Amino acid sequence: MVSTADQLAITAADLMVTRLGETTVASPMTRLLRDRASSVHYVHESDRVLLDDTVEMAVARNLPAAQLPSFEPGGPRERLYFEPGTTRAAIVTCGGLCPGLNNVIRGLVLELLQNYGVVDVVGFRNGYRGLVSADPPMMLTPAVVHDIHNRGGTILGTSRGDQDAHAMVATLMRLDISVLFVVGGDGTLRGAQKIVEAAAARGYELSVIGVPKTIDNDIPYLDHSFGFQTAFARAAESIRAAHIEASSTTHGVGLVKLMGRHSGFIACYAALANHDVDFVLVPEVPFELDGRDGFLHHLRRRVVSQGHAVVVVAEGAGQHLLPPDGSRDPSGNTRLADIGQLMRDRIVGCFADAHSELSLRYVDPGYAIRSVPANAYDAVFCIRLAQAAVHAAMAGRTAMVVGRWHGRFVHLPIALATASRNQVDPDGDLWMSVLEATGQPPRFGRPVVQLPELVTVK
């Protein structure tokens, strides 16, 4: 997670976004910008959005207000860098599936063609592979994208793994692409940074704008990523089913494994959405299974006192309890051991050793959640992200991502977006809410203050 010290170490220079040059082209969006000034609901392009949101952190910097670290605001500009009538744009989607990918594609295409009037928009197929393939890209028109937001997945296809940045730039140059929109997670964004550097080395003017895609919500300095709300809402449905199963049998335990390699946001939010969960295990809070203060002891107590229990575990939780695999996936991520299988086996063994009855239901809805269409909230968020990305690109910004920080749309340098990971803070208010809702101890496997067992009806 981003600590207070890490955030205080960020300077105004760290938040500056790269520009290709001066903006001299009149924008077709000027008609919407007449006499607008910064307000509670709008930030003028000449204004900035502060990084810090507490008085204590701002004061700790000992700087004048105008020198505090701040983001460039998102939104349309009065002057552009690219002439729309000679600009060709491209889109690529990379990494795992996430609700809202098609919404972002559709939003980009409609904004580029209908509001800016660019020459055309193409989509590279199957992630970065499409930028080194001999196959032609897909032409994206309003007719092609008119109903894709009603479907999950991505019409462009996706893949994981790096490709040669100079080869990708050569393809972009051959196709006369001036603007590239990259939709993906931290690995994808690092690849986008390499494309920026390769284009600069060739003297090729290219705007590369990232739209962060991570179902785990782990991009720092952004309120949340698109698809996250849809994901935890669908995860909550799986928890509800597990609760019904567990509460309908004697000594029932519902075990639900959710996405979250390094960040347990989906597990936390899905659990809070139901208020039917008794234990939440996330990567950020290490736990032990055995001993009087271990998880299994607390689980048995809860089942005995309540008659059933529901456990939610993020896929990256408890990796220290399993032998490391050591291998990596095509994105370069270390392959996770299966914590769900371990938890299932150890829970069964624990109850067997105690000669206690157990009815265990194990649910792993991971890929089903990734592939669903975006819900209404995420659909709105996706189109607004897409609009912000197009505004930034046409104004000549590059090597940046769009997102929302404290409710404001902002521009964030790729280098900062990939320098750390957003995680659940064990000392933060989200984890406190989880502890309040579940009644579980702050830690498993270390001495804790023993409180009376709360018997709640769930």
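See the structure shown above.
Right, let's walk through the structure included here. (Residues numbered from 1 in each chain as written. Predicted model: local features only at pLDDT ≥ 70, side-chain atom pairs only at ≥ 80, totals over all residues. Heavy atoms only, no water.)

## Examining the nonpolar core
Within soluble globular proteins, side chains that are nonpolar generally end up buried alongside one another. Core analysis: the largest hydrophobic core is formed by 72 residues, its most contacted members being Ile-91, Leu-140, Phe-181, Phe-226, Leu-258, Ile-266 and Trp-431. In terms of residues, this core owes the most to one element, helix α12 (residues 376-394), which gives ten residues. When neighbours within four sequence positions are excluded, Leu-258 is seen to be in contact with Ala-235, Ile-239, Ile-266, Ala-267, Ala-270, Val-312, Val-313, Ala-314, Glu-315, Pro-365 and Ile-369. Counting residues in each nonpolar core, the second largest holds 41 residues, with Phe-124, Val-196, Ala-199 and Leu-416 among its members. (Core = buried A, V, L, I, M, F, W, Y, C linked by side-chain atoms within 4.5 Å. Buried < 20%, exposed > 50% of the residue type's maximum accessible area, 1.4 Å probe, protein only. Helix = DSSP H or I, 4+ residues; strand = E, 2+ residues; numbered from the N terminus. Contact = heavy atoms within 4.5 Å.)

## Describing the side chain of Thr-214
Positionally, Thr-214 belongs in the loop between β10 (207-212) and α7 (228-247). Judged by its relative accessible area of 8%, Thr-214 is buried. A polar contact is formed between the side chain of Thr-214 and the side chain of Asp-218, at a distance of 2.7 Å. When sequence neighbours within four positions are dropped, the list of residues in contact with Thr-214 reads Ile-219 and Ser-225. (Polar contact = N/O pair within 3.5 Å; in protein donor to acceptor, adjacent residues only side chain to side chain.)

## Regarding the sheet that holds strand β3 (residues 49-50)
Taken in spatial order, the nine strands of this open sheet run β3-β4-β17-β16-β10-β9-β6-β7-β8, and their pairing is mixed. Every interior strand has two partners, whereas the edge strands, β3 and β8 (138-140), have only one. When strand β6 (residues 88-93) meets strand β7 (residues 120-124), the two strands line up parallel, connected through five bridges. If you follow Val-92 over to β7, its bridge partner there is Phe-124. Each of β6, β7, β8, β9 (179-184) and β10 is contacted by helix α3 (residues 101-116), which is oriented at about 175 degrees to β6, the strand it contacts most. (Pairing = 2+ DSSP bridges. Axes fitted to C-alpha atoms, helices over the stretch in contact; angles between N-to-C directions.)

## Quick look at the pairing of strand β4 (residues 70-73)
Sheet topology note: the β3/β4 ladder contains two bridges and is antiparallel. Note on β4: the bridge partner recorded for Leu-50 is Ser-70. When β4 meets strand β17 (residues 408-413), the two strands line up antiparallel, connected through two bridges. Bridge pairing in β17 links Pro-73 to Val-410.

## Regarding the packing of aromatic side chains
For the coordinates displayed, the defined rule picks out eleven aromatic pairs. With centroids separated by 6.1 Å and ring planes inclined at 65 degrees, the aromatic side chains of Phe-71 and Trp-405 adopt a geometry described as edge-to-face. Note that Phe-71 is positioned in strand β4 and Trp-405 in strand β16 (residues 400-405), a separation of 334 residues in sequence. Across the pair, exposure class does not vary: Phe-71 and Trp-405 are buried alike. Of the aromatic side chains, those joined through ring pairs into one cluster are Phe-71, Tyr-221 and Trp-405. Above the face of the Tyr-42 ring, Arg-36 is positioned so that its terminal group lies 5.5 Å from the ring centre. When the ring centre of Phe-351 is taken as reference, the NZ or CZ atom of Arg-300 above it lies at 5.9 Å. (Phe/Tyr/Trp six-rings, centres within 6.5 Å; stacked < 30°, edge-to-face > 60°. Lys NZ or Arg CZ within 6 Å of the ring centre and 35° of its normal.)

It is worth stressing that arrangement in space is one thing and function is another; only the former is reported here.
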